[in-house]
Amino acid sequence: MLLRSKRCWALVAFSLMGFTAQAQSPGQDSVMIRRIFSEALANGKSYGNLHYLCTAIGPRLSGSEGAAKAVTWTQQLMAGMGLDRVYLQEVQVPHWVRGKKEKAKIRSRASSQQVPICALGGSIGTGKKALRAHVVEVQTFEELRGLDRAKVAGRIVFFNRPMNPRFIQAGQAYGEAVNQRSTGAIEAARMGAAGAIVRSMNLAQDDYPHTGSMHYQEGVTKIPAAAISTNGADLLSRLLQEDPGLQFAFTQNPQTLPDALSHNVVGEIRGSEFPGEVILVGGHLDSWDLAQGAHDNGAGCMQAIEVLRLMKALNYQPKRTIRTVLFMNEENGLRGGLKYAELARKNKENHIAAIESDAGGFTPRGFSIVAPAHKISQIARWKQVLAPYGLHDIGAGGGEADIGPLKSDQIALIGFRPDSQRYFVHHHAASDTFDQVNRRELELGGASMTALVYLLDQYGLK
Ligand SMILES: [Zn+2]
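Residues numbered from 1 in each chain as written. Predicted model: local features only at pLDDT ≥ 70, side-chain atom pairs only at ≥ 80, totals over all residues. Heavy atoms only, no water.

Trainee: Let's hear about the overall build of the protein chain: which residues, and what values?
Mentor: Within the protein chain, the regular secondary structure consists of 15 helices and 16 strands. Its C-alpha atoms give the protein chain a radius of gyration of 25 Å, near enough to 23 Å, the size a compact globule of 462 residues would have. Seen along its three principal axes, the alpha-carbon backbone of the protein chain occupies a region of about 100 × 40 × 40 Å. When burial is assessed residue by residue, the protein chain has 56% of its 462 residues classed as buried. (Helix = DSSP H or I, 4+ residues; strand = E, 2+ residues; numbered from the N terminus. Rg over C-alpha atoms; globule rule 2.2 N^0.38 Å. Buried < 20%, exposed > 50% of the residue type's maximum accessible area, 1.4 Å probe, protein only.)

Trainee: An account of helix α8 (residues 179–190) is requested, with residue identities and associated values reported.
Mentor: Counted at 1.5 Å a residue, the expected span for α8 with its twelve residues is 16 Å, and the 15 Å between its end C-alpha atoms agrees. Buried residues dominate α8, accounting for nine of its twelve residues. Residues of α8 that are buried make contact with α5 (141–145), β6 (156–159), α7 (170–177), β7 (195–199) and β8 (225–228). Following α8 by one or two positions, G192 has its phi on the positive side, about 90°. (Expected span 1.5 Å × (residues − 1). Contact = heavy atoms within 4.5 Å.)

Trainee: I'd like to hear about the coordination of the zinc ion, residue by residue, with values.
Mentor: Here the zinc ion is held by H284 (NE2), D296 (OD), D358 (OD) and D358 (OD), and the distances to it run 1.9 to 2.7 Å. One can describe the donor arrangement at the zinc ion as irregular, given that its four donor atoms subtend angles of 52 to 148° at the metal. In the primary sequence, the donor residues of the zinc ion line up as H-x11-D-x61-D. Note that H284 is positioned in strand β11 (residues 274–284) and D296 in helix α10 (residues 294–313), a separation of twelve residues in sequence. Of the residues examined, H284 reaches a relative accessible area of 0% and is grouped as buried. (Donors = N, O, S within 2.8 Å, 3.2 Å for Na, K, Ca; no water. Tetrahedral: all angles 85-135°; square planar, octahedral: opposite > 155°, others 65-115°.)

Trainee: Provide a residue-level description of the packing of aromatic side chains, including the pertinent values.
Mentor: By the definition in use, this model includes 13 aromatic pairs. A ring pair is formed by W96 and W288, whose centres lie 6.3 Å apart and whose planes are at 85°; its orientation type is edge-to-face. With W96 in strand β1 (residues 85–97) and W288 in the loop between β11 and α10, this residue pair connects regions lying 192 residues apart in the sequence. With respect to class, W96 is no different from W288; both count as buried. Between F367 and F416, the aromatic rings sit 5.9 Å apart at their centres with planes inclined by 55°, giving tilted as the arrangement. Of the two residues, F367 is situated in strand β14 (residues 364–370) and F416 in strand β16 (residues 412–418); the sequence distance between them amounts to 49 residues. Given a relative accessible area of 1%, F367 falls into the buried group. A relative accessible area of 0% means that F416 is categorised as buried. An aromatic cluster is present here, built from Y174, F362, Y423 and F424 joined pairwise through their rings. (Phe/Tyr/Trp six-rings, centres within 6.5 Å; stacked < 30°, edge-to-face > 60°.)

Trainee: Got a sec to walk through the sheet that holds strand β2 (residues 103–107)? Specific residues and values, please.
Mentor: The sheet built from eight strands is open, its strands ordered β3-β2-β9-β5-β6-β7-β8-β4 with mixed pairing. Looking at which strands have only one partner, the edges of the open sheet turn out to be β3 (112–114) and β4 (117–119). Averaged over all neighbouring strand pairs, the angle between strand axes comes to 30°, with direction disregarded. (Pairing = 2+ DSSP bridges. Axes fitted to C-alpha atoms, helices over the stretch in contact; angles between N-to-C directions.)

Trainee: Outline the packing of α10 against helix α15 (residues 439–459), supporting the account with residue identities and numerical values.
Mentor: Relative to each other, α10 and α15 sit at 55°, their axes nearing to 8 Å. By the criterion of interaxial angle, the relationship of α10 to α15 is oblique. When the axes of α10 and α15 are compared, the crossing they make is right-handed. Contacts between α10 and α15 involve A299, Q303, A304, E306, V307, L310 and M311 from the first element and L442, E443, G445, G446, A447, M449, T450, V453 and Y454 from the second. (Parallel < 35°, antiparallel > 145°, perpendicular 65-115°, else oblique. Left-handed = near helix turned anticlockwise from the far one by under 90°.)

Trainee: Help me get a handle on the pattern of salt bridges, residues and values and all.
Mentor: Per the counting criterion, the structure on display carries 20 salt bridges. Put simply, E65 and K69 hold a salt bridge, and the shortest N to O gap is 3.6 Å. Taken together, the residues span about one helical turn, with E65 and K69 both in helix α4 (residues 65–79) at a distance of four residues. What makes E65 exposed here is its relative accessible area of 60%. Overall, the relative accessible area of 41% leaves K69 in the partly exposed class. Put simply, R238 and E242 hold a salt bridge, and the shortest N to O gap is 3.5 Å. Here the residue R238 and the residue E242 both occupy positions in helix α9 (residues 230–242), the gap between them amounting to four residues, near one helical turn. E242 gets classed as partly exposed once you look at its relative accessible area, which sits at 46%. What emerges from the salt-bridge pattern is a single network uniting R85, E268, R323 and E349. (Salt bridge = Lys/Arg side-chain N within 4 Å of Asp/Glu carboxyl O.)

Written as structure tokens, this is what we have:
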């Protein structure tokens with residue numbers, strides 16, 4: 001009897017195994033995810049790789065020497081990982097150069113003092129001589145449009161709306177404030193202004209100006225635009241109250257050169273059962289020129305490479321094709337993301353999901369998803385096995401820029417969501433350096449992405 005019952009259980013176990021070859025039980029998923037995190041925390045390579053990218057290569061603005069070096073190095077890095085395929089995709093990118101370090105001075109009745117500024121990406125220069133003018137401070141475009149044009153013409157418009165500190169997710173505060181940077185120069189020029197100064201997109205008070213892309217509009221005069229540090233913005237605002245007739249002078253000499261040839265870098269492990277179904281993980285390889293681009297977005301690129309390394313290290317053979325893409329030119333053009341999507345359509349590739357890490361190398365919190373509701377529900381149900389790793393926030397939300405052009409009903413666009421509180425202190429500023437990255441937080445991010453890729457690979461997306 002005893003023997004028989006043992007045999008019966010063995011049969012049950014055997015048939016369960018047969019069943020789970022198609023769809024693994026949550027228990028097996030938990031074991032695999034635990035292995036992913038253990039390997040990442042004990043032997044992770046994201047941190048060491050990021051150290052090299054930041055310190056040996058450094059800033060990587062599109063068209064720069066640093067960007068070219070980063071392409072070559074990451075291609076070589078992936079080529080040495082035993083992947084099935086590593087290749088480059090050619091892409092023409094904008095080539096903007098900052099030129100000599102910018103200078104700015106506030107001259108009021110009481111004093112004359114320098115303040116830290118930096119040209120916004122894409123801006124024109126002031127010429128060799130400083131642009132000197134009176135200042136009009138505004139908080140919103142509506143306020144600016146409501147002013148008497150004669151009071152704005154020839155002046156510098158100072159956009160000084162702070163990022164709203166009341167948001168829990170710092171990214172929302174950024175989203176609400178960033179139009180001052182991206183299109184403030186257009187709004188100011190429409191009112192006849194000679195220049196635009198924008199309060200840095202920064203939730204901290206410090207002396208770092210934060211750059212970022214800005215745009216001009218055809219038919220609207222191009223005027224120079226710069227960011228001022230948050231401390232500098234507060235000082236300028238205070239001095240304007242004391243002396244509305246003060247003058248602001250700034251010099252910057254950036255240039256837009258002809259487009260340059262650059263590349264997306266791609267590496268993949270081919271799926272054993274459904275090689276035509278692609279699960280993409282990515283980040284953007286370019287960075288602003290002021291810093292090492294550690295959080296934005298060396299971190300995301302090194303994590304995306306780590307996903308493939310973890311699978312190799314754990315001898316995991318995916319059923320579906322797992323592809324890492326390091327996009328070029330997210331910061332000032334998105335040309336890499338657009339080119340990737342164009343080629344994917346041309347080659348009739350079937351992407352079931354794309355995960356991008358572009359919110360810093362901080363402690364993982366979850367994933368935000370753009371997809372039809374039933375796909376979001378399916379991913380959200382995996383919270384059960386992901387929550388023990390701090391991944392609680394899984395649901396509808398924004399994807400990331402580079403994967404955006406892949407949008408369709410067939411694909412889930414997924415943004416990796418780390419804790420957001422410190423990201424905008426360093427974002428696009430000279431302080432975005434390797435020493436601001438915590439090893440465990442960074443490696444946990446790569447493991448989190450790998451865990452989700454594993455679940456997507458096991459079950460697909462219906
Ligand atoms: Zn970024």
